[in-house]
Every structure is written in structure tokens, then in C-alpha cells.
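# What the coordinates show
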Amino acid sequence: ALGSAWVGFKAIQSAIGGANEFERAVAKLDAVVRSTGMAAGFTTDELVKMAGALELVTTFGDSVIMEGQAILLTFKNIREDAFKRTIEVALDMSTVMNQDLRSAVVQLGKALNDPVANLGALSRAGVQFTKDQKEVIKSLWESGKALEAQNIILKELESEFGGTARAMTDKFGGSVEQLKNFIGDLVREFG
């Protein structure tokens, strides 16, 4: 009987912890959306839904994705479609480079927020741009065509990393991670 009580206690503790983690991630996301004046063009609810949708097709949990979104929101020059693409590329880059999502988001955020000053950081991470690409990116950025410059960068990143985070769900380990995320969501709802 004591063993069953302990298992029940651990289950309740896990549910409360999962609910608390999710609430913290949403609260942080909401605070950054408000502090940046919704610069990325998304409401908190839209970002939560985006994270949930990405959780379903990758091995990343929605709370982790929301943490990444909150960081990316602080780079105010990354908006709308570029924001969506950057989050997905960050998931892919994190998977390929075997690094945490936070590190990938910061690297990408810096490069896309100000490519003239920070494009070299991606080169140090193994992403190579041709001399012509660098010149076009610089010219577009300096002429106020930020989205066009970001599109060139994102297209290169997508050609190097694209689809990796989604592909991991086709493997046994990825399926197990997705199942853990699903169970975590159920437990969180209980909590």
C-alpha cells in the first residue's frame, strides 16, 4: 500500500511540475510578446499553437519550443514568416549540431537580426555563404530590404539543415520522444 501511495504521489508531483513548466513558458512568452510590442507579428496564443504544432512533428516538447520562441522574439528584426522559418531551422540546426535549442536560436537570431555584423557567427558554426551571397545580403540589408536578406540566409540554412527535426520522428528514438511529449502533455493537463 505504501508503494502504491508513493507512485501516486510521484504521478501527482510530475503532473504539477509539467503544468508549472508549461505555465512558466507561456508566461515568459507572453511577457516578451508584450515587451517587444508584438514586433514579430504574433500573439501569445498564436505562438503557443505554433509550438504545439511543431511538437507534433518533431521530438521537441512545446515548452522547450516556447522557450526558444521567447528568445527569438527579443530579436525584433525577425518577423512573421521569417520568424516561423527561423524557429523551424533552429529545431533542425539543434538536431544536426547536437546542441540545445537555446544555443541554435541565439546563433540564428543574431545572424538574422543584423546579418552585416553577425553573419560570420554562422560560418563559425559550419554554415558557409559564398562571397556573392554575402555581398547581396549586405546590399539588401543596407538598402532596407531586411526580409529579402533574411530569405537568402534562411534558404541556405534550410538547404543545409532543413527537415532534420521532423525526420527524427521516423526513428524509434524519435517516436519514443514524441510519445514522452504526448504523455507529458496528458500529465500536464491532469496537473
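Here we summarise the structure given alongside this text. (Residues numbered from 1 in each chain as written. Predicted model: local features only at pLDDT ≥ 70, side-chain atom pairs only at ≥ 80, totals over all residues. Heavy atoms only, no water.)

## Observations concerning the pattern of salt bridges
Selection rule: When a carboxyl oxygen of Asp or Glu lies within 4 Å of a side-chain nitrogen of Lys or Arg, that pair is called a salt bridge. Helix numbers and strand numbers start at the N terminus; a helix is a DSSP run of H or I with at least 4 residues, a strand a run of E with at least 2. Throughout, exposure labels follow a simple rule: accessible area from a 1.4 Å probe, protein chains only, divided by the maximum for the residue type, with under 20% read as buried, over 50% as exposed, and the rest as partly exposed.
Applying the stated criterion across every chain yields a total of five salt bridges. The partner of lysine 28 in a salt bridge is glutamate 67, with the nearest N and O atoms 2.7 Å apart. Remark: glutamate 67 occurs in helix α3 (residues 62-73) and lysine 28 occurs in helix α1 (residues 2-35); sequence separation between them is 39 residues. Judged by its relative accessible area of 41%, lysine 28 falls in the partly exposed class. On the basis of relative accessible area, glutamate 67 is assigned to the partly exposed category, the value being 31%. With its nearest N and O atoms 2.4 Å apart, the salt bridge here joins glutamate 88 to arginine 166. In this pair, glutamate 88 is assigned in helix α4 (residues 80-97) and arginine 166 in helix α9 (residues 164-167), connecting sequence segments 78 residues apart. Given a relative accessible area of 22%, glutamate 88 falls into the partly exposed group. What makes arginine 166 partly exposed here is its relative accessible area of 36%. Each of Asp81, Arg85 and Glu158 takes part in one network of salt bridges that share partners.

## A look at helix α7 (residues 131-142)
Let me state the cut-off plainly: Each residue after the first adds 1.5 Å to the expected span of a helix. Directions from the helix axis toward the C-beta atoms define the arc. Here, residues are in contact when the closest pair of their heavy atoms is within 4.5 Å.
The end-to-end C-alpha separation of α7 is 17 Å, in line with the 16 Å expected for 12 residues at 1.5 Å each. For α7, the set of buried residues is Ile137, Leu140 and Trp141. Looking straight down α7, one finds its buried side chains confined to an arc of 95°; they lie on one side. Residues of α7 that are exposed and point more than 90 degrees away from the buried face comprise Lys131, Asp132 and Glu142. Contacts from the buried residues of α7 go to α5 (101-113), α6 (115-124) and α8 (146-161). Positive phi shows up at glycine 144, right after α7, with a value of about 85°.

## Thoughts on the packing of aromatic side chains
Quick reminder of the rule: Each Phe, Tyr or Trp ring (for Trp, its six-membered ring) is paired with any other whose centre lies within 6.5 Å, and the angle between the two planes then decides the class: stacked below 30 degrees, edge-to-face above 60, tilted in between.
Applying the stated criterion across every chain yields a total of one aromatic pair. Look at phenylalanine 42 and phenylalanine 83: their rings are 5.6 Å apart centre to centre, the planes differ by 45°, and that puts the pair in the tilted class. A residue pair is termed long-range when its members are at least 10 positions apart, and phenylalanine 42 in the loop between α1 and α2 (44-57) and phenylalanine 83 in helix α4 qualify at 41 residues. Each of the two residues, phenylalanine 42 as well as phenylalanine 83, counts as buried.

## Description of unusual backbone geometry
Positive phi, close to 55°, is recorded for methionine 38, a residue that is not glycine. By the secondary structure assignment, methionine 38 is in the loop between α1 and α2. The backbone of asparagine 98 sits at a positive phi, close to 55°, despite the residue not being glycine. The exposed category is assigned to asparagine 98, whose relative accessible area is 73%.

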